[in-house]
Amino acid sequence: MAGFNQQPMTVGQALRAHPDATVNHEGGLAFTIDPRSRLYTRVTASFCGEPKYYGSDERAKRPNEVRAFPSEELTHPAGCETGANELQALRADVRAVAEVDPEFVLRLAAFARQECFMRSTPIAVLAEAAAIPACKPFVRRWTPQIVRRADELAEVIAAWISVHGQIGTRGGRGGEHAFPNSLSQVIADAMRNFDEYQLAKYDRERSVTLRDVLRIVRPKPANDAEGALWRYLVRGALDAAKLPLLAAKAAFLRAGAFDDEAVALARRAHVTWEVAISKFGSKAEVWNALHLPFMAGLRNIVNCMRTGADDALTRICAMLRDARAVERSKQLPFRFLSAYRMIESGKRPQRDRATGRIDWIDDPAVANHPRRAEVLESIATALELSVVNLPRLSGVTAILADNSGSMDDTLSDKTVVTRKDVANLLAAVAHRACERSHVLAFGSDVEWVDVLRMDSAMTNMGRIAETGSRVGSWTYAYLTLRALRERRIRVDRAILLSDMQCYTEPSQAASLIEELTRYRREVAPEVRL
C-alpha cells in the first residue's frame, strides 16, 4: 500500500488532473466551460456561418502543417475532430442553455443586437429559441429588441426555414414545420414598427420576401394606409393616394433616362442606391445625384472613384471626417481598415463564374485616381474618430497580439484584411484606451513592441505588424505571460487578441494556463486574462 504523504503535483499535473481538462484542436491544454459562457462566447466572438481556420475543411488544406500534440491522454470535446458547422454548434449551445436558463438565450440575442450591433447571429438565436418550449414564453418580450430593421422580419423566417424546412410541409413528426405562434404573433406586431419607406426599401427578391412574411403571420392592419401598404406588398396593387413614396418609386422605375425628373422622383421616393444603380447603371451622374448614408458611402467609395463621381466623393470624404457622423455610424474600426486597404492595394475582387473562386485583379481607376491620397486620409481620419470615446482602463494592461500563421487568413474571400490586421489594429486601439500598457506580439516567439501615444492607431498597428513579422508561425501564447513573469512586470489585466488555438509544449510543461497560474503565484495574484 502506498503512503499518504506523497510528493505534491506540479502546476501542470494539477491542471491536467482537473475534471474539466481537455485539449483544443492543436493539442493544447484547455478546459470545458459552462453552457452559458460557451454560448456567450460563440454569439459575441464569431461570425455566424463563416468558415473557421480550425474546422476540418480548412485544416485539410494544410496537410503538411506541423502541430503540437498533448502528452497526456486527454480527449477532444465533441465536434472538434469534425469541425462541426458553426450554425449547428450554435443551435446545440442554445438548446443546452435553454435547459438551465431559457430567458438567458433571448436576453443574449438582444444584447448582441443592441450593444454589439450584430445582426445575423441574434436572428439565428431567436429562430432556434422559438422552437424550444422553455424559451417560448420569453419570445414576445425580447423579439422587439432583436428585430430592429424591416428586412429582419424576413430574416427570422428564413433562419427558421434553413433549420426546419419549408413552412407548412409535413415532417417526420407531423406538424414540426408549422411556424411557431409565439414568433408569428410578435412578427405581426413588429410589422407595425415599420413605415412605407422602410418596408419599401427592403421589399426585394430573396428566398423569403415581405410578401411571404405577410402571408405567414397574417397581421391585421390598424388603418387604411397600413392596409394599402400591406395589399401592395402581397398583391402589387398600388394606391398612389395612400402610398406616395411607392408611387414615386414606381414612376422612377418607369423613367427612360436619368434626367432632372428622374432625380426629383428618386429624392421624393427616397430611392436607395441599389435601386438607382440597378436601373441606370454605375455612372458618375447617378452617384453624384445620390445622397448616400454613412455605411453606403463607405461601401461605395471605390465605385465613386472608378466612375469619376467627384461630387459624391466630396460628400463621402466630408462625412468620414465628421466626428458625429462617425460616432452615429457604429462602425467597427476594421471596417475602415478594410476600405483603406482596398484603395491602398489598387486591386478589386473578381469572381470566376466557372469555379466561383475570387481573384484580386488590378484596378487602375482607383490606383491612379487623382484624389486617392485625400480619400485614404479621410478613411484614416474616420478610423481614428471611431475610437476616440473608448472607456479608459486604469492601471497597467498587457496587450498580447497573435501574429502566428493562422492569423494570415483573410476575414472572408471578399476582403484583403486578415485576422492579423484586426488583432494588431485592436491592440493599437486598446493601447490608446489604457492608462499604462505593455504590447507584445507572439507566435513561435514573443517580442515587445514600442507603441507611442502621440501616433495614430494605424501607425502603431504598423509597428506591431512589423514586429509580428519576426515571431514565427506557431501559437505559443504562453510565452507572453512567461516574459512578463521573468521580467517581474506586474499588470492588472492581460488582453489576448487571437483566433485562438494555443499550442502546448509538453516537454517544457508549458501552456497558457500553466504560465498564468505561475504568473499569479509569483507576480500578480489578482491579474485577469
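So, here is what we can say about the structure in this document. (Residues numbered from 1 in each chain as written. Predicted model: local features only at pLDDT ≥ 70, side-chain atom pairs only at ≥ 80, totals over all residues. Heavy atoms only, no water.)

**Description of the pairing of strand β7 (residues 446-449)**
Here is step 1: Pairing geometry for strand β6 (residues 434-442) and β7, over four bridges, is antiparallel. By the bridge assignment for β7, F442 is matched with V446.
Here is step 2: Linking two consecutive strands that pair antiparallel, namely β6 and β7, is a turn of three residues. (Pairing = 2+ DSSP bridges. Helix = DSSP H or I, 4+ residues; strand = E, 2+ residues; numbered from the N terminus.)

**Focus: empty space enclosed by the protein**
Here is step 1: Overall, the coordinates contain four cavities of 30 Å³ or more when judged by the stated rule.
Here is step 2: Of the voids in this model, the largest cavity is the one considered here, and its volume is about 110 Å³.
Here is step 3: In terms of lining residues, the largest cavity is bounded by E196, Y197, A200, K201, L245, L246, K249, A269, H270, V271, T272 and V275. (1 Å grid on protein atoms, 1.4 Å probe; cavity = no way out; pocket = protein on both sides within 12 Å on 5 of 7 lines; lining within 4 Å. Points joined across faces, edges and corners; volume = space filled by probe spheres on them.)

**Quick look at the pairing of strand β4 (residues 358-362)**
Here is step 1: Sheet topology places strand β3 (residues 347-351) next to β4; five bridges connect them, and they run antiparallel. Bridge pairing links Q350 to D359 in β4.
Here is step 2: Here β3 folds back onto β4, and the loop between the two strands holds six residues, one of which, G356, carries a positive phi near 80°.

**Considerations on the sheet that holds β7**
Here is step 1: The strand order across the open sheet formed by four strands is β7-β6-β5-β8, and the pairing between neighbours is mixed. Since the sheet does not close on itself, it has two edges, and those belong to β7 and β8 (493-497), each with one partner. Here the average twist between neighbouring strands, direction ignored, is 25°.
Here is step 2: On top of the sheet, helix α23 (residues 419-433) reaches β5 (393-402), β6 and β8; it is set at about 165° to β5, its chief contact. (Axes fitted to C-alpha atoms, helices over the stretch in contact; angles between N-to-C directions. Contact = heavy atoms within 4.5 Å.)

Scope: geometric values only; no functional claims are made or implied.
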